[in-house]
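Remarks on the overall topology
Each chain, letter by letter, is given below.
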Amino acid sequence: ASDETVSALIVHIDSPGGTTFGSEALYLAVAEVSDVVPVVAVMNGDAASGGYMTALAADHILARESTITGSIGVIMQATNFVGLMEKLGIENESIKSGPLKAEPNPMSRMTPQAREAANTVVTGVHEMFVDMVAKGRNMPRAEAARLADGRIYTGTIAHEVGLIDAIGGEQDAIAWLESEHGIDPDLPLIEVEIDYPERLIDQLASVVIGKPFLTERLRLDGLMSLWHPLRAE
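One structure accompanies this document, and this report is about it.

1. Description of unusual backbone geometry
The bulk of non-glycine residues show a negative phi, and the bulk of peptide bonds are trans. Omega for the bond connecting E103 with P104 falls within 30 degrees of zero, at 0°, which places this linkage in the cis form. The residue P104 is located in the loop between helix 3 (82–88) and helix 4 (112–136) in this model. Of note in this structure, S71 is not a glycine but carries a positive phi near 50°. Structurally, S71 can be placed in the loop between strand 5 (68–70) and helix 3. With a relative accessible area of 7%, S71 lands in the buried category. With a phi angle near 60°, A102 is a residue other than glycine that sits in the positive phi range. Relative to the elements of secondary structure, A102 occurs in the loop between helix 3 and helix 4.

This is the structure we're talking about:
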């Protein structure tokens, strides 16, 4: 955003999503750039849930016909070990300042009150997501809410319902930047690579099962905007 030599930004997205916090942070970062230069989001194989949330900050969204996108929703998962503990004769004692502290808790069954509180949080974040869709796609909020029932869409269907602007890839993004913003299509494309440090537990899980899957399944303290079918790879 602060580099005056940059004329536009093309963001390639290939992600089934992740934490709502991380997706929101990416959305805000892309929006910051979009305030200065045109931004085009190019969806690859997956751009669902948090991946789609990120794309909403772009000025123009492209996808392939077979791209998996949508999955506009929020999920909170809590692994529960109570049944296993009972079989092993293990008991857990907790002294809490209130009945909803540290809920959901893997060491106890979720109470109706805890479920209601968790549902309130999930619903609130989902409403935020719907607002992003309505704003980013310039559509009535009621229509955004109708499309945000958690289902996935192909790129073709997403285009038909207004979740993306067109079918295409990087060259189509460059053509749009030229036609809509007069940007020279022969400008050099500078690839930005970001090297993220990987946590040790993710490295170990990746070695065992091929990707950092276990840590996401057991996390208890975060909301997810994630499309995660159980599939063999």
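Structure's up, so let's keep going.
2. A look at the nonpolar core
Counting 32 residues, the largest nonpolar core has M43, Y52, L56, I72, F129, V133 and L163 as the members making the most contacts within it. A per-element tally of this core places helix 4 first, with five residues. Among residues more than four places away in sequence, those in contact with I72 are Y52, H126, F129, V133, L147, A148, D149, G150, R151 and L163. Listed in part, the nine residues of the second largest apolar core include I10, V42, L177 and I183.

3. Looking at the environment of T5
Within the secondary structure, T5 sits in the segment before strand 1 (9–15). Among the residues examined, T5 registers a relative accessible area of 68% and is labelled exposed. Engagement of the side chain of T5 in a polar contact is seen with the side chain of D3, the distance being 2.6 Å.

4. Quick word on the packing of helix 1 (residues 20–34) against helix 4
Running from N to C, helix 1 and helix 4 cross one another at 25°; their axes reach a closest spacing of 12 Å. By the angle between their axes, helix 1 is roughly parallel relative to helix 4. At the point where helix 1 passes helix 4, the crossing takes the left-handed sense. Counting all contacts with helix 1, which are made through T20, E24 and Y27, the residues of helix 4 involved are V125, M128, M132 and K135. Of the residues assigned to the contact of helix 1 with helix 4, the class counts are four nonpolar, one polar and two charged.

5. Considerations on the environment of A145
Here A145 is to be found in helix 5 (residues 141–147). Residue classification places A145 among the partly exposed residues on the basis of a relative accessible area of 34%. The spacing of A145 and A134 is 11 residues in sequence and 8.3 Å in space, taken between C-alpha atoms.

6. Considerations on the pairing of strand 4 (residues 60–63)
Both faces of strand 4 are covered, namely the face carrying H60 and L62 and the face carrying I61 and A63. The pairing of strand 3 (residues 39–48) with strand 4 spans three bridges and is parallel. Bridging across to strand 4, A41 finds its partner in I61. Tracing the backbone out of strand 3, into helix 2 (residues 50–55) and back to the parallel element strand 4 gives a crossover that is right-handed. Looking at chain direction, strand 4 and strand 7 (residues 166–167) are connected through two bridges and run parallel. Considered in strand 7, the bridge of L62 is made with A166.

7. What to know about the pattern of salt bridges
Scanning the entire structure with this criterion turns up seven salt bridges. Its salt-bridge partner being K96, residue E103 comes within 3.1 Å of it at the nearest N-O pair. Of the residues examined, E103 reaches a relative accessible area of 22% and is grouped as partly exposed. Residue classification places K96 among the partly exposed positions, given a relative accessible area of 34%. As a salt-bridge pair, R137 and D165 come within 3.0 Å of each other at their nearest N and O atoms. Placement of the pair is R137 in the loop between helix 4 and helix 5 and D165 in the loop between helix 6 (155–161) and strand 7, with a sequence separation of 28 residues. Exposure remark for R137: the relative accessible area of 13% places this residue in the buried category. Linked by salt bridges that have partners in common, E127, D131 and R141 make up one network.

About the criteria used
- Residues numbered from 1 in each chain as written.
- Predicted model: local features only at pLDDT ≥ 70, side-chain atom pairs only at ≥ 80, totals over all residues.
- Heavy atoms only, no water.
- Helix = DSSP H or I, 4+ residues; strand = E, 2+ residues; numbered from the N terminus.
- Buried < 20%, exposed > 50% of the residue type's maximum accessible area, 1.4 Å probe, protein only.
- Core = buried A, V, L, I, M, F, W, Y, C linked by side-chain atoms within 4.5 Å.
- Contact = heavy atoms within 4.5 Å.
- Polar contact = N/O pair within 3.5 Å; in protein donor to acceptor, adjacent residues only side chain to side chain.
- Axes fitted to C-alpha atoms, helices over the stretch in contact; angles between N-to-C directions.
- Parallel < 35°, antiparallel > 145°, perpendicular 65-115°, else oblique.
- Left-handed = near helix turned anticlockwise from the far one by under 90°.
- Nonpolar A, V, L, I, M, F, W, Y, C, P; charged D, E, K, R; others polar.
- Pairing = 2+ DSSP bridges.
- Right-handed = clockwise from strand over helix to strand, strands pointing away.
- Salt bridge = Lys/Arg side-chain N within 4 Å of Asp/Glu carboxyl O.

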